[in-house]
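Overview (structure and organization)
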Amino acid sequence: MSYPNDNVEVKNNDTWRSDNCPADAVTLGRAAWVMLHTTAAYYPDRPAPSQMDSMRAFMKSFFENYPCLGEDLKREMEEEPIRVGSRRKLSDWLCRQHNKVNAKLGKPMFDCSKVFDRWLQGYSQICDE
Ligand SMILES: Cc1cc2nc3c(=O)[nH]c(=O)nc-3n(C[C@H](O)[C@H](O)[C@H](O)COP(=O)(O)OP(=O)(O)OC[C@H]3O[C@@H](n4cnc5c(N)ncnc54)[C@H](O)[C@@H]3O)c2cc1C
């Protein structure tokens, strides 16, 4: 592994940067949402009480510890208690939480009825290729 401080060609190489530089808000955010939505998409349809407790604790801790989460957004996200009763309820809740961040950043709202198309089965066969 080399750290070529003055090598302009390497500094401008996105692959090198993404593999070696600290994550910015976009890189971290995308990775975080992939992990969260995928976790919710594979959560059971009928979770056991222990799974519900565990998921509740995980999400609470995740959002409490997410770096630099603004107080306003944190308050807004805490307004709606987490729904852990099923895969659908958890995924819809998370979709609405993500939409609160989207709204704050001026991004388009995501249609939560499509959350399993996006995170579980894929919109089209292209996703299987
Ligand atoms: C808890 C949290 C707080 C954040 N706060 C900030 C902040 O204050 N400032 C900042 O600059 N960035 C913040 N981010 C990062 C920000 O949300 C985005 O991840 C980042 O801007 C990259 O956006 P993106 O357009 O690539 O798509 P992302 O928002 O990262 O979404 C990734 C993919 O998820 C899908 N998607 C979009 N919305 C939804 C939804 N509602 N439900 C399901 N799937 C959806 C889309 O297919 C999209 O391509 C935060 C991230 C997290 C996890």
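Notes on the structure in this doc start here. Bear in mind that the values here come from a model prediction, so they are computed numbers and not experimental data. (Residues numbered from 1 in each chain as written. Predicted model: local features only at pLDDT ≥ 70, side-chain atom pairs only at ≥ 80, totals over all residues. Heavy atoms only, no water.)

Turning our attention to unusual backbone geometry. Its identity is not glycine, yet Cys 68 carries a phi of approximately 60°, on the positive side. If you trace the backbone, Cys 68 turns up in the loop between helix 4 (49–65) and helix 5 (71–79). (Helix = DSSP H or I, 4+ residues; strand = E, 2+ residues; numbered from the N terminus.)

Time to look at the environment of Met 77. One can find Met 77 in helix 5. When the C-alpha positions of Met 77 and Ala 57 are compared, they lie 15 Å apart, and in sequence the two are 20 residues distant. Each residue touching Met 77, except ones within four places of it in the same chain, is listed here: Phe 63, Leu 69, Gln 97, Lys 100 and Val 101. (Contact = heavy atoms within 4.5 Å.)

So, on to the site of the ligand. The environment of the ligand is formed by 21 residues, the closest being Arg 30, Cys 95, His 98, Lys 104 and Arg 118. The separation between an oxygen atom of the ligand and a polar side-chain atom of Lys 107 is 3.0 Å. Here Trp 119 contributes a side-chain N or O atom positioned 3.0 Å from a nitrogen atom of the ligand. For the ligand, the accessible surface in isolation is 950 Å², of which the surrounding protein chains cover 81%. According to the grid-proximity analysis, the pocket containing the ligand is the largest pocket. Mapped onto the shell around the ligand, the elements with two or more residues apiece are helix 3 (25–41), helix 6 (87–105) and helix 7 (115–121). The residue inventory of the shell around the ligand, partitioned by class, reads twelve nonpolar, five polar and four charged. (Near = heavy atom within 4 Å. Polar contact = N/O pair within 3.5 Å; in protein donor to acceptor, adjacent residues only side chain to side chain. Areas by Shrake-Rupley, 256 points an atom, 1.4 Å probe, with all protein chains shown as cover. 1 Å grid on protein atoms, 1.4 Å probe; cavity = no way out; pocket = protein on both sides within 12 Å on 5 of 7 lines; lining within 4 Å. Sits in = over half its atoms within 2 Å of the grid points. Nonpolar A, V, L, I, M, F, W, Y, C, P; charged D, E, K, R; others polar.)

Moving on, we come to the state of the cysteines. Applying the stated criterion to the full structure yields one disulfide. Bridging Cys 95 to Cys 112, the disulfide has an S-S length of 2.0 Å. Sign of the S-S torsion, about -90° for the bond between Cys 95 and Cys 112, identifies this disulfide as left-handed. Of this pair, Cys 95 sits in helix 6 while Cys 112 sits in the loop between helix 6 and helix 7, and the two are 17 residues apart along the sequence. Among the cysteines around Cys 21, which has no disulfide bond, Cys 68 carries the closest sulfur, lying 18 Å off. (Disulfide = S-S within 2.5 Å.)

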